[in-house]
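# Fold and contact review
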Amino acid sequence: MVCHYNESVKFFYDISKKNISGMWQTKDYVVVSLGLLVCVFVIFANILVMLAIFMNRRFHYPIYYLLGNLAAADLFAGISYMYLMFHTGPWTIKLSINQWFVRQGLIDTSLTASVINLMAIALERHQTIFTMQLHSKMTNHRVVLLIIGIWLIAILLGLVPSLGWSCICNTSECSNMAPLYCRSYLVFWAVLNLLTFTIMMAVYTRIFIYVLRKNHRMSQHTSQVKQKETVVNLMKTVVMILGCFVVCWTPGLVLLLLDGLCESCDVLTYEKFFLVLAECNSFMNPIIYSYRDKDMRDTFKRILCFPCLGWQQTEEHSGVRFNTLKQERRRRVLQESWVARKARDGDGEQANRGQLVLKEAENMLDSTES
């Protein structure tokens, strides 16, 4: 077995029959322009989310920490993709093997971290909804360990090709889309992401079915307006999450599978456009998970208006209440006490009375906070 560590990147591209143009063409300009535009949106949107979670104490709970980590992963994806845009096209021929692995490793790490974060958020929502909690009881220590674990897995998967799972010593296994990667690695990475997507879909489907059935039982004894709104909002969120993931990731994952399983398939024609489409998922995540939250929207407005109006003036006009942790704990105690009372009293008239008590208590709390 002969290894080709001293060869140039062009050597592997020639083996894979992936053309590297020495001159800039119209396609190169279009891809780089679209890529940079996407990067700007990704970086801006995710910095905004991270600032909002950091500044507003109302978001200092496990679900928002995971959203912040998702924003960090997507921010890293935007930076990594911007690095790729400045090392693609005719610039590729000037890269060494190690530089090429760095370029691809950054992309693999960032996108993998983003996908794993989506999975973690789905599981966290599943746990809180099925235990009827307002927020997860996961400690900050466990959240930190979970976040560290997410990044360790993402970094490991990003380093795997450079650590040996490549075609440098077996050029017959070189893929077309990533000429230094083995076809088997592309299949592994594509199947892993498709499996993650399948699990996410199953989790959100189970949540939706559970809430629908719970709503049907509760509507026999309580007002149906609130429950219907909950079901509709949940359905919209689920459709947006799954739809965005399918639209952004499926084309690229299918291409990876074809590249790994079919040597004669033409996968290079739409490769870069599908990569840009996958990257779009990184700026859609803040919209889906954060912008639909009214408190998050108000915090965004406060941050964006700060340079023009000033902090105090913005607070007076925006109506945003940055609740303290103490106030949030009081609200959480009210929620948990209502759940306990409902479980003790059962459905029917007692459950109605418990819900009214909770509503009155929350109104009192809101008035004291104001």
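Here the structure is a predicted model, which means the values were calculated and not measured.

Attention now moves to the overall build of the chain. Counting secondary structure elements, the chain contains 12 helices and zero strands. Across the chain, helices and strands are ordered from the amino to the carboxyl terminus as α-α-α-α-α-α-α-α-α-α-α-α. Relative to its 370 residues, the chain shows a buried fraction of 46%. The long-range share in the chain, meaning contacts at least 24 apart out of those at least 6 apart in sequence, stands at 79%. Summed over its atoms, the accessible surface of the chain is roughly 19,200 Å², and 64% of this surface lies on carbon and sulfur atoms.

Another point: the layout of surface pockets. A water-sized probe, rolled over the atoms, reveals where empty space remains. Of the volumes computed, that of the second largest pocket is approximately 830 Å³. Lining the second largest pocket are 40 residues, and of these Lys 18, Met 177, Glu 271, Lys 272 and Leu 275 sit closest to its centre. Elements with a contribution of two residues or more to the lining of the second largest pocket: helix H2 (26–55), helix H3 (62–85), helix H4 (97–130), helix H6 (183–218), helix H7 (224–261) and helix H8 (271–291). For the lining of the second largest pocket, the element with the most residues is H4, which contributes six residues. The residue inventory of the lining of the second largest pocket, partitioned by class, reads 25 nonpolar, eight polar and seven charged.

Our next topic: the UniProt feature "transmembrane region" (unreviewed entry) in the chain. Following the UniProt record, the feature "transmembrane region" (unreviewed entry) maps to residues 29–54, 66–86, 106–123, 143–165, 185–212, 233–258 and 273–291 here. The annotated region residues 29–54 carries 100% helix and 0% strand content, and the separation between its end C-alpha atoms amounts to 38 Å. Span residues 143–165 is 74% helix and 0% strand, its end C-alpha atoms 32 Å apart.

This brings us to H4. Taking 1.5 Å per residue, 34 residues should reach 50 Å; H4 reaches 49 Å between its end C-alpha atoms and fits that length. Of all 34 residues in H4, 25 are buried; the element is thus mostly enclosed.

In this section: the packing of H2 against H3. Contact geometry for H2 and H3: axes closest at 8 Å, N-to-C directions at 155°. Comparing the axis directions of H2 and H3 gives the class roughly antiparallel. Relative to H3, H2 is oriented so that their crossing is left-handed. Each residue belonging to the contact of H2 with H3 can be placed in one class, and the counts come to 20 nonpolar, four polar and one charged.

Each pair of packed helices can be summarised by the angle the axes make with each other and by the distance between the axes. In contact at an axis separation of 8 Å, H3 and H4 are set at 160° when each is read in the N-to-C sense. One element, H3, and the other, H4, form an angle in the roughly antiparallel class. H4 is crossed by H3, and the crossing has left-handed handedness.

Of all hydrophobic cores here, the largest spans 73 residues; its most connected members are Tyr 64, Trp 100 and Trp 249. Looking at which element gives the most residues to this core, the answer is H6, with 11 residues.

In this section: the state of the cysteines. Covalent bonding between the sulfur atoms of two cysteines is what defines a disulfide. In total, this model carries three disulfides according to the counting rule given. Note that Cys 3 is cross-linked by a disulfide to Cys 169, the S-S spacing being 1.9 Å. Note on the Cys 3 and Cys 169 pair: the S-S dihedral is about 105°, so by sign convention the disulfide is right-handed. Of this pair, Cys 3 sits in the segment before helix H1 (9–16) while Cys 169 sits in the loop between helix H5 (140–159) and H6, and the two are 166 residues apart along the sequence. Residue Cys 3 is classed as partly exposed on the basis of its relative accessible area, which comes to 36%. Across a sulfur-sulfur distance of 2.1 Å, Cys 262 and Cys 265 are joined as a disulfide pair. Since a negative S-S torsion denotes a left-handed disulfide, the Cys 262-Cys 265 link at about 90° is right-handed. Regarding the disulfides, the chain carries the connectivity 1-3, 2-4, 5-6 under sequence-order numbering of its bonded cysteines.

Bringing the pattern of salt bridges into the picture now. A complete count under the given rule lists four salt bridges for this structure. Its salt-bridge partner being Lys 10, residue Asp 14 comes within 3.1 Å of it at the nearest N-O pair. In this pair, Asp 14 and Lys 10 are both assigned in helix H1, four residues apart and thus about one turn of the helix distant. Exposure remark for Lys 10: the relative accessible area of 35% places this residue in the partly exposed category. Note that Lys 18 is salt-bridged to Glu 271, the shortest N-O span being 2.9 Å.

What counts and what doesn't
- Residues numbered from 1 in each chain as written.
- Predicted model: local features only at pLDDT ≥ 70, side-chain atom pairs only at ≥ 80, totals over all residues.
- Heavy atoms only, no water.
- Helix = DSSP H or I, 4+ residues; strand = E, 2+ residues; numbered from the N terminus.
- Buried < 20%, exposed > 50% of the residue type's maximum accessible area, 1.4 Å probe, protein only.
- Contact = heavy atoms within 4.5 Å.
- Areas by Shrake-Rupley, 256 points an atom, 1.4 Å probe, with all protein chains shown as cover.
- 1 Å grid on protein atoms, 1.4 Å probe; cavity = no way out; pocket = protein on both sides within 12 Å on 5 of 7 lines; lining within 4 Å.
- Points joined across faces, edges and corners; volume = space filled by probe spheres on them.
- Nonpolar A, V, L, I, M, F, W, Y, C, P; charged D, E, K, R; others polar.
- UniProt positions renumbered as here; feature names shortened; annotations may be inferred.
- Expected span 1.5 Å × (residues − 1).
- Axes fitted to C-alpha atoms, helices over the stretch in contact; angles between N-to-C directions.
- Parallel < 35°, antiparallel > 145°, perpendicular 65-115°, else oblique.
- Left-handed = near helix turned anticlockwise from the far one by under 90°.
- Core = buried A, V, L, I, M, F, W, Y, C linked by side-chain atoms within 4.5 Å.
- Disulfide = S-S within 2.5 Å.
- Salt bridge = Lys/Arg side-chain N within 4 Å of Asp/Glu carboxyl O.

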